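# Working through the structure, step by step
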Amino acid sequence: MRDLRDGTSMRVRALITALLVLGCAAGSRAAAAPGPAALVTAWSVNVGPLGDEGFGLAVPAATIRGRAVLALPSARPDAVRLHDAATGRVLRAFPLPRPYRFVEVDVRFVGESLAVRTDEPRGERITLYDPLTGAVRWSRLVPLAGAPILLPYTQSSVQARTGIVRASGDGLRGLDPATGRDTWTLPWPRACPERILLTAERPLLVEQCPDGSGVLYGVDARTGRVAWKHAFPRTDGDILAPDVSSTGLIEVSHADVFTALDPDGRVIARLPGRFPTVAGPTAVRTGGLTLLVHSENGARVMTALRGAGGRVAWRTTLRPPRALGSSDGHLPSADFLTARHAVSHVPHDLEARSLEFVSLADGRRVSFPLAAGGLASVVAGSTARDVLMYEIHPDGGHVTAYTLRPGRGAGSPLAVPPERWPDACALADRAVPEGYTPVPAGEEHLGLRWPQANTCVLLPADDSKAQVKVAVGWVSATDADARRLAGSKLAADPGAERLGEGAYLGSAGDRDGRRTSGWAFGGRVLVHVEATGDPALTRRATLAVATRLHGP
């Protein structure tokens, strides 16, 4: 007779085996599953005390003889330095005759040369270097006298990737990149008296006419031939406003219409002006994808167009999802590209800078905050891997490369979720003057809702006295981030007055020159304080909030 226990034993062993297989498979999937997306620091270099000059920085990058490099100015010493794009390591330094100012120095890659243009009393000096060896290929002073262009609103010479041109009294002249000698002359067109030179994939000459009309000319830097031209009709006085995006697309705002052209002068998009203006507009291109950032019904929208026909591949709404209370000063675009993402800074009235990455594949968004103040940092460029930020810190300006580590989740432009932010009226309890009433208020930021008051308004019984506003400006995730944010805020306002531990009065004045904007920080919290029109009350309230942050 068959022993039933043998069958039971076999079934149990089979069940155990199956469970082990399933467990191993689940463990493998768990191990392979990506963690949360994160923004990590690839490298950071100190470029010295550039101060506000760094906010005009546009970092040129290139691949020279198989090596990815980029060029950054330095204020210690005064030089342009060549860096390895992957590590930030300094490879070469090219001295500058005086401290760096972004309106007086222009740095570009021309072919496999590094071109440095510096202003001198008698003109502009153009010097071409071999970037990897440091050898000077040639240097030449280009006179400015007689050049009929709109100085100081434009360059008198252009260092494009395809060659170099300069303005002279009788026309545009081409310079041989190998020797620096003049090779051709293109007489000035006679359509309009005002001219602008811009750097695109090829040199771009713009003529502006008093009636609002204008003409764009794309010039072949090697031959001096006009490769294409595009005319804009007269208007009721709107001036032609041309620009060039980071990827070489030509952007023109004219008669309340935004027009984007490719380097060959072909129109790739036209967008009507939309009110309120809360984005760009701007246009960038990578491969067969063109990205347009524009305003639509008060929202910031990115539209991806694929191919020559301009088929819409995807659309997404950028942060914040709706317009801010005022669009003044908030005109962000997404003008920088990595290999997989478009990068935009996120406009808001909070303290820290936040970045948003938009997938080129499908428009999915992920956001992250930086440990640097919004007034102390700016996007300065990008490489295939990194977004490059210029940041002001107590020890000088830094250029930092941030890398997006892919993973799960959409991230957040906040370091700490709103429910973990402190109540503003609780922080202001020691700042309430006699006869004032604290009124909690909630201000919307980034389309997020705060469960408690992030702003507290102290209202006087006497209307002749100043109101006091106490607003939580930021909560950092770590003590190190909090120190870095506070340091960047102080470095961005060197004229700030220290009132006490963690309490400062900003250097900016109101319309009457009165300093009524202060801030306090302690722990991981930064708080803005303002008593409208009353500097003395601002001081007292700021000190009181700082005491509350540092006290029991």
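Residues numbered from 1 in each chain as written. Predicted model: local features only at pLDDT ≥ 70, side-chain atom pairs only at ≥ 80, totals over all residues. Heavy atoms only, no water.

### Some points on empty space enclosed by the protein
- Applying the stated criterion across every chain yields a total of 2 cavities of 30 Å³ or more.
- As a volume, the second largest cavity reaches approximately 30 Å³.
- If you trace the second largest cavity, you find it lined by Leu96, Pro97, Arg98, Glu104, Val105, Thr118 and Asp119.
- Of the residues belonging to the lining of the second largest cavity, the class tally is 3 nonpolar, 1 polar and 3 charged. (1 Å grid on protein atoms, 1.4 Å probe; cavity = no way out; pocket = protein on both sides within 12 Å on 5 of 7 lines; lining within 4 Å. Points joined across faces, edges and corners; volume = space filled by probe spheres on them. Nonpolar A, V, L, I, M, F, W, Y, C, P; charged D, E, K, R; others polar.)

### A few points about the sheet that holds strand β10 (residues 157-160)
- Spatially, the 4 strands line up as an open sheet ordered β10-β11-β12-β13, and their pairing is antiparallel. The sheet terminates laterally at β10 and β13 (182-187), the two strands that pair on one side only. Neighbour to neighbour, the strand axes of the sheet diverge by 20 degrees on average, direction disregarded.
- Both β10 and strand β11 (residues 163-168) contribute to a ladder of 4 bridges, which runs antiparallel. (Pairing = 2+ DSSP bridges. Helix = DSSP H or I, 4+ residues; strand = E, 2+ residues; numbered from the N terminus. Axes fitted to C-alpha atoms, helices over the stretch in contact; angles between N-to-C directions.)

### A few points about the packing of aromatic side chains
- Following the criterion strictly, the structure yields 6 aromatic pairs and no others.
- Where phenylalanine 55 meets tyrosine 390, the ring centres are 5.6 Å apart and the plane angle is 90 degrees; that geometry is what we call edge-to-face. Placement of the pair is phenylalanine 55 in the loop between β1 (38-48) and β2 (61-64) and tyrosine 390 in strand β31 (residues 386-393), with a sequence separation of 335 residues.
- The buried category is assigned to tyrosine 390, whose relative accessible area is 0%.
- With a centroid separation of 5.3 Å and 85 degrees between ring planes, the pair formed by tryptophan 421 and tryptophan 450 is classed as edge-to-face. On the criterion of sequence distance, the pair formed by tryptophan 421 in the loop between β32 (396-405) and α2 (424-427) and tryptophan 450 in the loop between β33 (436-441) and β34 (455-460) is long-range, its members being 29 residues apart. Comparing tryptophan 421 with tryptophan 450, the two get one shared label, buried.
- Among the aromatic residues, ring-to-ring pairing joins Trp421, Trp450 and Trp474 into one connected group.
- Across from the ring centre of tryptophan 519, 4.5 Å away, lies the NZ or CZ of lysine 489, which sits over that ring. (Phe/Tyr/Trp six-rings, centres within 6.5 Å; stacked < 30°, edge-to-face > 60°. Buried < 20%, exposed > 50% of the residue type's maximum accessible area, 1.4 Å probe, protein only. Lys NZ or Arg CZ within 6 Å of the ring centre and 35° of its normal.)

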